[in-house]
Every structure is written in structure tokens, then in C-alpha cells.
Amino acid sequence: MTESLLAGALNHLVRFQLTGCSHSARVAAHLLDQIADRSDVDGDTRTLYGRMSTALEEARENVRHV
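Below: a short report on this structure. (Residues numbered from 1 in each chain as written. Predicted model: local features only at pLDDT ≥ 70, side-chain atom pairs only at ≥ 80, totals over all residues. Heavy atoms only, no water.)

Our next topic: helix H1 (residues 2-19). For H1, with 18 residues, the first-to-last C-alpha span of 26 Å sits near the 26 Å given by 1.5 Å per residue. Positioned one or two residues after H1, Gly20 has a phi angle of 80 degrees, which is positive. (Helix = DSSP H or I, 4+ residues; strand = E, 2+ residues; numbered from the N terminus. Expected span 1.5 Å × (residues − 1).)

Attention now moves to the side chain of His12. Relative to the helices and strands, His12 resides in helix H1. Apart from the residues within four sequence positions on either side, His12 is in contact with Ser24, Val27, Ala28 and Leu31. (Contact = heavy atoms within 4.5 Å.)

Inspection of the secondary structure assignment puts Ser24 in helix H2 (residues 22-36). Judged by relative accessible area, which is 2%, Ser24 ranks as buried. Sequence-distant contacts of Ser24, defined by excluding residues within four places in its chain, comprise His12, Arg15 and Phe16. (Buried < 20%, exposed > 50% of the residue type's maximum accessible area, 1.4 Å probe, protein only.)

Here's what the structure looks like:
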């Protein structure tokens, strides 16, 4: 299950990078948050995905304000 969430997050991350679509950034951040909230994911990975989610949300805000 984690693998499919990660694949979805990466798909939306790439779409955001290629198009600037803020919806894709939001979906990617949401999926990363879901992975980070899983108890079967190690602490370092949880921290990394949480930081990635935060960075995506910030990037999404910057795109919307340009």
C-alpha cells in the first residue's frame, strides 16, 4: 500500500514540476502526509516525507501568488 501511495505522490510531483499545476502539488503533499502518518514507516522516512509535503505546500503557494 505504501508503494502505491508513493507512486501516486511521485506522479503528482512530476506533474506539478512539469506544469505548475497547484492541484497536483496539493495531491502529492496529501499523499506524502498519508505515508508519513503510517505506523509501519520508519521515523526518518516519516520525517522526510513530512518535510517534502511542507515544501510542496510552500511551492504551491508561491505558484498561486505569481
